[in-house]
Amino acid sequence: MAENGAQQMSLLEKKIDDQIEYYFGDHNLPRDKFLKEQIQLDDGWVPLETMIKFNRLSCLTTDFKVILEALSKSQSGLLEISEDKTKIRRSPSKPLPEINDQYKDVIKHRSVYVKGFPTDITLDELKEWFNDKGNVENIQMRRTLQRQFKGSVFVVFDTDVSAKKFVAQKDLKYKDAEMIVLLKEDYFTKKNEDRKHHRAEVKAKAKHEKEEKQKQAEDEEMKSLDEQTGCLLKFSGELEDQTSREDLQELFSGHGMIKWIDFTRGAKEGTILFKSNAKEALDKAKAAHGDNLQIKKKDVTWELLEGDDEKETLKKIIEDQQQSLNRKRGRGGRKFGGRGGRRERGGRDQGKLQYQGKKTKFESEDECDQEPASPKKRALDDVKAEEVGEPASKQLKTENGSGKQ
């Protein structure tokens, strides 16, 4: 500042000047709600009494004379001191940049991603490491929602040339740890590619698991079909419209255990699934009726299903059983299952043996790293993620600090 601009600063004075210039700088002031409110009260002037309430400044000093001495030696011209030496403000000759797409694009191309720092490192230690690596305007410590440092930072350099020069350096290390260094734009491009790859892997895995489950279901179904081979009996004829499943159950009562009857009242044909061999049940029933096995005095053609016809019919029965089970579950469940009769509704065969279909289960057809956190009132934040082109899904609130601090 002014006439003392050529004077050399002490280490403490430089820290004080850097810290206050950060508060009023391009990266912090546009987003510092408290400080923005203060500068509206008195033509941009902020009392020193207010400034010493800022944590990082108060850790350096609360002595007005020390603060004013440090600012008076600054050569940046960013700040002004009031005539009565009690207030400071950002110089009206250095207005804030307009936060538009062009500005965001400029900041994006000046920003670098650096990873490899220990999670317990401090902001001052980071600034010391970056001190000889170019003119750094801001350091953003990336943190989790729980405020734990992730070991990586976004750094804003004074120009895109400085940023590219830093990225071009080889074998950058912090102590013995090798650093990962990318331009911020390249970092997000890589992260987006990683996300796409991850989503593709998740999708492929889900597809594979679905196919495996389907295959397992088909294998179980085939096993079920094999276990029920020889148990299907088809019947057809000019049946009375009032013929029911109960008539069929009565006809085979004592001759074979029925698991399922695929028949609709009024139909002229149907299929019976026995628990054991269908031929034995048919032979017993015929023997009991003088080899003339009729349904309600109507002649019937009986056929033992075999081969592909048997398998296709069994598949249909299994599907019908599952649909019936799902419907009953949707109605809150019933005591009796299958399509074996009307006993659950108080039909004429109450007390008789209930035939229930086998319940067969089928499989139903049933993708980074940062989360937004609440902002601190005066955290030394970097330019917002969205202001520098960061994807919405990757926005991150961090504790930030100036590269000059």
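Figured I'd write up the structure that's included with this text. (Residues numbered from 1 in each chain as written. Predicted model: local features only at pLDDT ≥ 70, side-chain atom pairs only at ≥ 80, totals over all residues. Heavy atoms only, no water.)

As for the overall build of the protein chain
(1) Moving on: Helix and strand counts for the protein chain come out as 12 helices and 14 strands.
(2) Moving on: Here the protein chain, with 405 residues, has 44% of them falling under the buried criterion.
(3) Moving on: In the structure as shown, the protein chain presents an accessible area of about 23100 Å², 46% of it carried by carbon and sulfur atoms. (Helix = DSSP H or I, 4+ residues; strand = E, 2+ residues; numbered from the N terminus. Buried < 20%, exposed > 50% of the residue type's maximum accessible area, 1.4 Å probe, protein only. Areas by Shrake-Rupley, 256 points an atom, 1.4 Å probe, with all protein chains shown as cover.)

Details of the pairing of strand β4 (residues 111-115)
Side chains on a regular strand alternate between the two faces of the sheet.
(1) Moving on: Most of β4 is tucked away, with 4 of its 5 residues classed as buried.
(2) Moving on: In the sheet, β4 pairs with strand β6 (residues 149-157) via 5 bridges, with the strands oriented antiparallel. Opposite V112, over in β6, you have V155 as the bridge partner.
(3) Moving on: Where β4 and strand β9 (residues 180-183) come together, 4 bridges link them in antiparallel fashion. Along β9, the bridge assignment pairs V112 with L183. (Pairing = 2+ DSSP bridges.)

Some remarks on helix α11 (residues 278-288)
(1) Moving on: Within the sequence span of α11, burial applies to A278, A281, L282 and A285. Relative to the axis of α11, the buried residues are bounded by an arc of 100° and lie together on one face.
(2) Moving on: The N-cap residue of α11 is N277: its side-chain oxygen and the backbone nitrogen of K279 are 2.9 Å apart.
(3) Moving on: In the stretch just after α11, G290 is the one whose phi turns positive, near 65°. (Arc of directions from axis to C-beta. Polar contact = N/O pair within 3.5 Å; in protein donor to acceptor, adjacent residues only side chain to side chain.)

Quick notes on the pattern of salt bridges
(1) Moving on: According to the stated counting rule, one finds 20 salt bridges in the structure shown.
(2) Moving on: Between E13 and K73 there is a salt bridge, and its shortest N-O distance comes to 3.0 Å. Here K73 lies in the loop between α5 (64-72) and β2 (79-81) and E13 lies in helix α1 (residues 11-23), a separation of 60 residues in the sequence.
(3) Moving on: Under the relative-accessibility criterion, K73 is labelled buried at 10%.
(4) Moving on: K14 serves as the salt-bridge partner of D18, at 2.8 Å between the closest nitrogen and oxygen. One end of the pair is D18 and the other is K14, both in helix α1 and 4 residues apart, which spans about a single turn.
(5) Moving on: A relative accessible area of 43% places K14 in the partly exposed class.
(6) Moving on: Members of the salt-bridge network, linked through shared partners, are E13, E69 and K73. (Salt bridge = Lys/Arg side-chain N within 4 Å of Asp/Glu carboxyl O.)

Interpretation note: all reported values are geometric properties and have no functional meaning in isolation.
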